[in-house]
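# Report on the structure
One letter stands for each residue in the lines below.
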Amino acid sequence: MSKFILSPSILAADFTNLGESLRFIESKKADWVHIDVMDGSFVPNITFGQPVVSALRKISNLQFDVHLMIENPQLHISSFVEAGADLITFHYEAAVHHHRIVQQIHNLEKKAGISIVPSTPVSVLQDILPFVDLVLIMSVNPGFGGQTLIPRCIEKIAQLDELRSKNGYNFRLSVDGGINNKTIGMAVDAGADVIVSGSSFFSGDIGIDRK
Ligand code: DX5
Ligand code: ZN
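What comes next concerns the included structure. (Residues numbered from 1 in each chain as written. Chains lettered and ligands numbered in written order. Predicted model: local features only at pLDDT ≥ 70, side-chain atom pairs only at ≥ 80, totals over all residues. Heavy atoms only, no water.)

## Quick look at the coordination of the zinc ion (ligand 2)
Within the first shell, the zinc ion (ligand 2) binds the protein through His34 (NE2), Asp36 (OD), His67 (ND1) and Asp176 (OD), at distances of 2.0 to 2.3 Å. Angles of 69 to 171° at the metal separate the six donor atoms of the zinc ion (ligand 2), which places the site in the octahedral class. Sequence positions of the residues that donate to the zinc ion (ligand 2) give the spacing H-x1-D-x30-H-x108-D. Of this pair, Asp36 sits in strand S2 (residues 32-38) while His67 sits in strand S3 (residues 63-69), and the two are 31 residues apart along the sequence. (Donors = N, O, S within 2.8 Å, 3.2 Å for Na, K, Ca; no water. Tetrahedral: all angles 85-135°; square planar, octahedral: opposite > 155°, others 65-115°. Helix = DSSP H or I, 4+ residues; strand = E, 2+ residues; numbered from the N terminus.)

## Looking at the pattern of salt bridges
Under the defined criterion, the tally for this structure stands at five salt bridges. The closest approach of N and O atoms between Glu26 and Arg23, which form a salt bridge, is 3.1 Å. Taken together, the residues Glu26 and Arg23, both in helix H1 (residues 18-27) and three residues apart, mark about one turn of the helix. Across the salt bridge formed by Arg164 and Asp161, the nearest N and O atoms sit 2.9 Å from each other. Placement of both Arg164 and Asp161 in helix H5 (residues 152-167) is noted, with a separation of three residues, approximately one turn of the helix. For Asp161, a relative accessible area of 26% translates into the label partly exposed. (Salt bridge = Lys/Arg side-chain N within 4 Å of Asp/Glu carboxyl O. Buried < 20%, exposed > 50% of the residue type's maximum accessible area, 1.4 Å probe, protein only.)

## Looking at the side chain of Asp36
Here Asp36 occupies a buried position and makes no salt bridge, while the nearest side chain of opposite charge, Arg57, is found at 16 Å. Of the polar contacts made by the side chain of Asp36, one reaches the side chain of His34; its length is 2.9 Å. Beyond its immediate stretch of four places on either side in the chain, Asp36 contacts Ser9, Leu11, Thr47, Phe48, His67, Met69 and Asp176. (Lys, Arg positive; Asp, Glu negative; His and termini not counted. Polar contact = N/O pair within 3.5 Å; in protein donor to acceptor, adjacent residues only side chain to side chain. Contact = heavy atoms within 4.5 Å.)

## Focus on the nonpolar core
By size, the foremost hydrophobic cluster in this structure holds 57 residues, and its most contacted members are Ile10, Ile35, Val135, Ile157, Leu160 and Ile195. Excluding anything up to four places from it in sequence, Ile10 contacts Phe15, Leu18, Leu22, Ile25, Val33, His34, Ile35, Phe48, Leu56 and Phe202. Leu136, Met138, Val140 and Val194 belong to the second largest nonpolar core, which has eight residues in total. (Core = buried A, V, L, I, M, F, W, Y, C linked by side-chain atoms within 4.5 Å.)

## Topic: the site of ligand 1
Taken together, 20 residues surround ligand 1, and among them Asp36, Gly143, Asp176, Gly198 and Ser199 come closest. His34 has a polar side-chain atom sitting 3.4 Å from an oxygen atom of ligand 1. Between Ser199 and ligand 1, the recorded distance is 2.4 Å, taken from a side-chain N or O atom to an oxygen atom. Contact with the protein chains hides 99% of the accessible area of ligand 1, taken as 380 Å² for the molecule alone. In this structure, ligand 1 is accommodated by the largest pocket. When contributions to the shell around ligand 1 are tallied by element, the ones reaching two or more residues are S2, S3 and strand S8 (194-197). When residues of the shell around ligand 1 are assigned to their parent elements, the largest contribution, three residues, is made by S2. (Near = heavy atom within 4 Å. Areas by Shrake-Rupley, 256 points an atom, 1.4 Å probe, with all protein chains shown as cover. 1 Å grid on protein atoms, 1.4 Å probe; cavity = no way out; pocket = protein on both sides within 12 Å on 5 of 7 lines; lining within 4 Å. Sits in = over half its atoms within 2 Å of the grid points.)

## Quick look at unusual backbone geometry
Phi is positive for Asn72, close to 50°, though the residue is something other than glycine. Positionally, Asn72 belongs in the loop between S3 and helix H3 (77-83).

## Re H1
Within H1, the full set of buried residues consists of Leu18, Ser21, Leu22 and Ile25. Mapping the buried residues of H1 onto a view down its axis gives an arc of 100°, with all of them on the same face. On its buried face, H1 sits against strand S1 (5-8), S2, helix H2 (50-57) and helix H7 (199-202). Lys29 sits one or two residues past H1 and shows a positive phi near 60°. (Arc of directions from axis to C-beta.)

Structure, rendered in structure tokens:
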């Protein structure tokens, strides 16, 4: 397995003690923390928003990898940057003017990511790939932690990895959903270099204790 960035998702953390969860992430030498923002419309669940990101920013220097699973992400870019996001990933399916949103994020000097759900093919990303810092492949239908990875999504990682090397693009490739000890290997082998893990990370199942 080659090197990858681990981005534990606090969706699986104890919400009564998020500060302690960040300490746990830091103790495992993870590089980033993945923050799942859901609006109850783009996805059926509602999680947390800018006030929580801002509170966590005060107690941690981890890279805040903010995953917006919300409609109209363009309306909330500046407030999430203000709250402390380092990287903002929005959904292809939730927006029309993808390039404009990427510019919005870059103008605020933050990294921009784009994500696709399992029903969306890689081909739709063709025009935006040269401009993004990260592509996040959802390997479950977004909305909940603890689901089973859909194997077909791993092929999308390989497709994007090929496009990346063929065209000399610089984006990172992230995989999100159902990553555990059994599935992490195939994701990394396909070319993923950012691994998001919620339930397996917090249950200790993923067994990553990085130096
Ligand atoms: C799902 C979220 C994921 C989730 C992953 O909609 O985007 O980030 O936390 O959780 P696990 O690792 O439990 O599948
Ligand atoms: Zn996520």
